[in-house]
Amino acid sequence: MKKYRKRIGLATLAFAGVLCTSDNNPGEDKGNYFTKEQLDALYDATFRVNTTITLEQKVDDDQDFLKLWFGSGTLIVDSQTGDNYILTAEHITSDGMYTSQKTGRTTKIVREVIMVGGHEASVFKEDEENDLALLKVDGYLKDINDQPVKPFRGKIAKYLDPQDYVIGAGFPRGNKELFNTRVKKIADDKTFLDIYMIGGNSGGGVYLINEKELQLCGVVTKTNNIPSLQKFRKFLTGTPLEDDYL
């Protein structure tokens, strides 16, 4: 029921449309509109990514061998094979070692399980420097009615400028939510957003409102930034998804 009420609010926003005027050029109207269907599509393509690891040794006071955390990701698909992939942040996955923030002790990770929508996923490609990961899902994601879930089928943005409006989707505190904000600053390796995002949003997709379509322009990696668009596009280059999304 909570999700239904949220959809009503989003539908109202979508039907009203968004008209943005550039602060740098007040006389220039930038018509940025999107539809309810587009908003629903990015919402439905957003999934919670759950990671569980098994430690070789206990390192915390809780004496637990298992550790778990979650983030967010965007479902995309290879149109030729139908394979499901999840775009997310690299730090949602493990790097083979675990260090306790409480005690500072480090131990080896002997097993990692990544789950998305009830299916196990594995790391297909990762970029630790820019905090990007592409997961391949073992199986095909379905909704509660056992119907195939619709992935994001738009394009990756080619251009991104300061003051552009963006919409993001993720699981802050474990609940699926949307946020909207503006691009604050663009650096060589990062794009800074005018927002402070909370835990659980990591890996969630961020979309540029580009006239009459929503274009994926990155994933949340820090509390207020995403990788630069150049780094993001480069990450997908050479993958099976390049032909569909770039």
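Residues numbered from 1 in each chain as written. Predicted model: local features only at pLDDT ≥ 70, side-chain atom pairs only at ≥ 80, totals over all residues. Heavy atoms only, no water.

As for the pairing of strand β8 (residues 119-127)
Moving on, step 1. Summarising the sheet, strand β7 (residues 106-116) and β8 pair through three bridges and their orientation is antiparallel. The residue bridging M115 from the neighbouring strand is E120, located in β8.
Moving on, step 2. Counting the residues between successive antiparallel strands, the hairpin from β7 to β8 contains two residues, one of them, G117, with a positive phi of roughly 55 degrees.
Moving on, step 3. When β8 meets strand β9 (residues 132-137), the two strands line up antiparallel, connected through six bridges. Each residue of the ladder has a partner; that of S122, found in β9, is K136. (Pairing = 2+ DSSP bridges. Helix = DSSP H or I, 4+ residues; strand = E, 2+ residues; numbered from the N terminus.)

Some points on the nonpolar core
Moving on, step 1. One finds I76, L87, V206, C217 and F232 to be the most contacted residues of the largest nonpolar core, which totals 37 residues.
Moving on, step 2. Apart from the residues lying within four places of it in its own chain, the contact partners of I76 are D83, N84, Y85, L87, L134, P151, F152, L241 and Y245.
Moving on, step 3. Counting residues in each nonpolar core, the second largest holds 13 residues, with A89, I92, I114 and L141 among its members. (Core = buried A, V, L, I, M, F, W, Y, C linked by side-chain atoms within 4.5 Å. Buried < 20%, exposed > 50% of the residue type's maximum accessible area, 1.4 Å probe, protein only. Contact = heavy atoms within 4.5 Å.)

Topic: the sheet that holds strand β14 (residues 213-219)
Moving on, step 1. Sheet architecture is open: six strands sit in the order β14-β13-β10-β11-β12-β15, paired in antiparallel fashion. A strand with exactly one partner marks an edge of an open sheet, and here the two such strands are β14 and β15 (225-227). Direction aside, the axes of adjacent strands within the sheet are offset by 40 degrees on average.
Moving on, step 2. When strand β10 (residues 165-170) meets strand β13 (residues 205-210), the two strands line up antiparallel, connected through three bridges. For G168, the partnering residue across the bridge sits in β13 and is V206.
Moving on, step 3. Sitting on the sheet, helix α2 (residues 36-44) is in contact with β10, β11 (177-186), β13 and β14, with an inclination near 25 degrees to β14.
Moving on, step 4. Packing of helix α3 (residues 229-236) onto the sheet brings it into contact with β12 (190-193), β14 and β15, and relative to β14 it is tilted by some 90 degrees. (Axes fitted to C-alpha atoms, helices over the stretch in contact; angles between N-to-C directions.)

What about the pattern of salt bridges?
Moving on, step 1. Enumeration over the complete set of coordinates arrives at four salt bridges.
Moving on, step 2. Ionic pairing is found between D40 and K36, a salt bridge with its closest N-O pair at 2.6 Å. Taken together, the positions of D40 and K36, both in helix α2 and four residues apart, correspond to about one turn of that helix.
Moving on, step 3. K36 sits in the partly exposed class, given a relative accessible area of 26%. (Salt bridge = Lys/Arg side-chain N within 4 Å of Asp/Glu carboxyl O.)

With respect to the confidence of the model for the protein chain
Moving on, step 1. Chain-level pLDDT for the protein chain is 86 on average; 87% of the residues reach the 70-or-more range.
Moving on, step 2. Highest mean pLDDT in the protein chain belongs to β9 (98); lowest belongs to helix α1 (residues 2-16) (38).
Moving on, step 3. The low-confidence segment residues 1-27, where pLDDT is below 50, has 38 contacts with residues more than four positions distant or belonging to other chains. (pLDDT = per-residue confidence, 0-100.)

Some thoughts on the side chain of D131
Moving on, step 1. Structurally, D131 is set in the loop between β8 and β9.
Moving on, step 2. The side chain of D131 is buried and forms no salt bridge, while K222, the nearest opposite charge, is found at 5.1 Å.
Moving on, step 3. Here E90 takes part through its backbone nitrogen, which lies 2.9 Å from a polar atom of the side chain of D131.
Moving on, step 4. Here D131 is in contact with T88, A89, E90, H91 and T221, once residues within four sequence places are set aside. (Lys, Arg positive; Asp, Glu negative; His and termini not counted. Polar contact = N/O pair within 3.5 Å; in protein donor to acceptor, adjacent residues only side chain to side chain.)

Things to note about α3
Moving on, step 1. Every buried residue of α3 is listed here: L229, F232, F235 and L236. Seen along its axis, α3 keeps its buried residues to an arc of 125 degrees; they face one direction. Facing away from the buried side of α3 by more than 90 degrees, the exposed set consists of Q230 and K234.
Moving on, step 2. Where α3 ends, the next residue or the one after it, G238, has phi of about 90 degrees, a positive value. (Arc of directions from axis to C-beta.)

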